[in-house]
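Per-entry structural report
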Amino acid sequence: ISFAYEPPVGGSVFDGLTPSIIDAWRAERMDAAEQARGAFEQNARRAGLQTDTRVIAASTAGAADIISTIARSYDLSILPQSEPDDDVSDTLAIEATLFGSGRPVLVVPYIQKAAIKLDRVIVCWDGSRNAARAVGDSMPFLKRAKTIDVVTVEHKESRKELRGAQIAEHL
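Bear in mind the structure is a predicted one, so any value in this text is a computation, not a measurement. (Residues numbered from 1 in each chain as written. Predicted model: local features only at pLDDT ≥ 70, side-chain atom pairs only at ≥ 80, totals over all residues. Heavy atoms only, no water.)

As for the overall build of the chain
The line we're drawing: Numbering of helices and strands starts at the N terminus; helices are DSSP runs of H or I of at least 4 residues and strands are runs of E of at least 2. Between the two quantities, the radius of gyration covers C-alpha atoms and the globule rule is 2.2 Å times the number of residues to the power 0.38. A simple rule labels every residue: compare its accessible area, found with a 1.4 Å probe on the protein chains alone, to the largest value its type can have, and call it buried under 20%, exposed over 50%, or partly exposed in between.
Each helix and strand counted, the chain has six helices and six strands in total. Starting at the N terminus and walking to the C terminus, you meet the elements of the chain as β-α-β-α-β-α-β-β-α-α-β-α. Relative to the 2.2 N^0.38 estimate, which gives 16 Å for 171 residues, the radius of gyration of the chain is 20 Å and therefore markedly larger than a compact globule would have. Taking all 171 residues of the chain together, the buried fraction comes to 25%.

Next up, the structure:
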C-alpha cells in the first residue's frame, strides 16, 4: 500500500492557500505514491513474488487505521521505519498495524540497504499469549536463523525461575 497523504487543511500551514496550490500538492503526493508502487511491483516481479498493491489517498491518522485493517487479510505486513527527522506517518502506521491487525509485522530499519540476513535473531519473551503468538507467527524467519537469543524481563519476585528456558528449548 502506498499512501498519498492528504494535506492537513484547516488550522494548519495550508490556511490561506488557494485550491490550485493544494491540488498541486495532492498531485505531487499521488505521483510519488504511484512511483513507489511501480518500483515495488517491479522489484517483486523480479523476485518472483505475488503481490497485491494499491495507492490510497488518506490523512496521516486515517492511513494508520486503513493499513491496520487491510493487514488483517495478509500473512505478513512489511513496513518501513521512519527516518529520525521524518514525520510521524510511518511511526503511526507501524503502531497501528502492530496493535490493530492481529497479524505479523516486519519493520525494515531505515538504514537497511542489503537483503535480509537472519544470522542472529532476538526473541523477546514474557511467557504471555501475545509472546507465544509472536513466536509462532515468526517461525518462518526463526527456522532460517543461525542463532536465536531469547531475551526476558524478570520481576524481582520470580528471579528463581528461568522463564525463557522452555521457549529456548522449544526453539
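Next comes the rest of the description.
Details of the side chain of Ser101
Here is the rule: Under the rule applied, a polar contact is a pair of N or O atoms within 3.5 Å (in protein, one hydrogen donor and one hydrogen acceptor; residues adjacent in sequence only if both atoms are side-chain atoms). Contacts are residue-level and defined by heavy atoms, with any inter-residue pair within 4.5 Å sufficient.
Relative to the helices and strands, Ser101 is located in the loop between α3 (89-100) and β4 (105-108). The class for Ser101 is buried, based on a relative accessible area of 6%. Within the structure, Ser101 has its side chain in polar contact with the backbone oxygen of Thr97 (distance 2.6 Å). Here the side chain of Ser101 touches Arg103 through a polar contact of 3.1 Å, landing on its backbone nitrogen. Look past the residues within four positions of Ser101 in its chain and what remains in contact with it is Ser68, Ala71, Arg72 and Ala96.

Observations concerning helix α1 (residues 19-47)
Note the threshold: By definition here, a helix of n residues has an expected span of 1.5 Å times n minus one.
Here α1 contains 29 residues, and its C-alpha end-to-end distance of 42 Å stays within 8% of the 42 Å for a straight helix at 1.5 Å per residue. Taken as a whole, α1 has its buried residues at Ile22, Trp25, Ala33 and Ala44. Contacts from the buried residues of α1 go to β1 (2-5) and β2 (55-58). Of the residues trailing α1, Gly48 is marked for its positive phi of about 75 degrees.

A word on the pattern of salt bridges
Condition: Here, a salt bridge means any Lys or Arg side-chain nitrogen found within 4 Å of an Asp or Glu carboxyl oxygen.
Counted under the stated rule, the structure contains eight salt bridges. Between Arg133 and Asp137 there is a salt bridge whose closest N-O contact spans 3.2 Å. Note that Arg133 and Asp137 are positioned in helix α4 (residues 129-137) at a spacing of four residues, about one turn of the helix. A relative accessible area of 40% places Arg133 in the partly exposed class. Using a relative accessible area of 25% as the deciding quantity, one classes Asp137 as partly exposed. Several salt bridges share partner residues, and in doing so they unite Glu6, Asp23 and Arg26 into one network.

Some thoughts on the packing of helix α2 (residues 60-71) against α3
The cut-off we apply is this: Lines fitted to the C-alpha atoms define the axes, with helices restricted to the stretch that makes contact. Angles between their N-to-C directions range from 0 to 180 degrees. Handedness of each helix crossing follows the sense of rotation of the near helix against the far helix: counterclockwise by less than a right angle gives left-handed, clockwise gives right-handed. Each residue is assigned to one class: nonpolar for Ala, Val, Leu, Ile, Met, Phe, Trp, Tyr, Cys and Pro, charged for Asp, Glu, Lys and Arg, and polar for all the others, Gly among them.
Look at α2 against α3: their axes get within 8 Å of each other, and the N-to-C directions meet at 35 degrees. Seen along the crossing, α2 lies across α3 with a hand that is right-handed. For the pair formed by α2 and α3, the contact residues are Thr60, Ala64, Ile67, Ser68 and Ala71 on the first element and Ser89, Leu92, Ala93, Ala96, Thr97 and Gly100 on the second. When the residues that make up the contact of α2 with α3 are grouped by side-chain class, the tally is six nonpolar, five polar and no charged.

Brief notes about α3
The end-to-end C-alpha distance of α3 is 16 Å, a good match for the 16 Å that 12 residues give at a rise of 1.5 Å each. Listing the buried residues of α3 in full gives Ser89, Ala93, Ile94, Ala96 and Thr97. Elements in contact with the buried residues of α3: β1, α2, β3 (77-80) and β4. Count one or two residues on from α3 and you reach Gly102, which has phi positive near 75 degrees.

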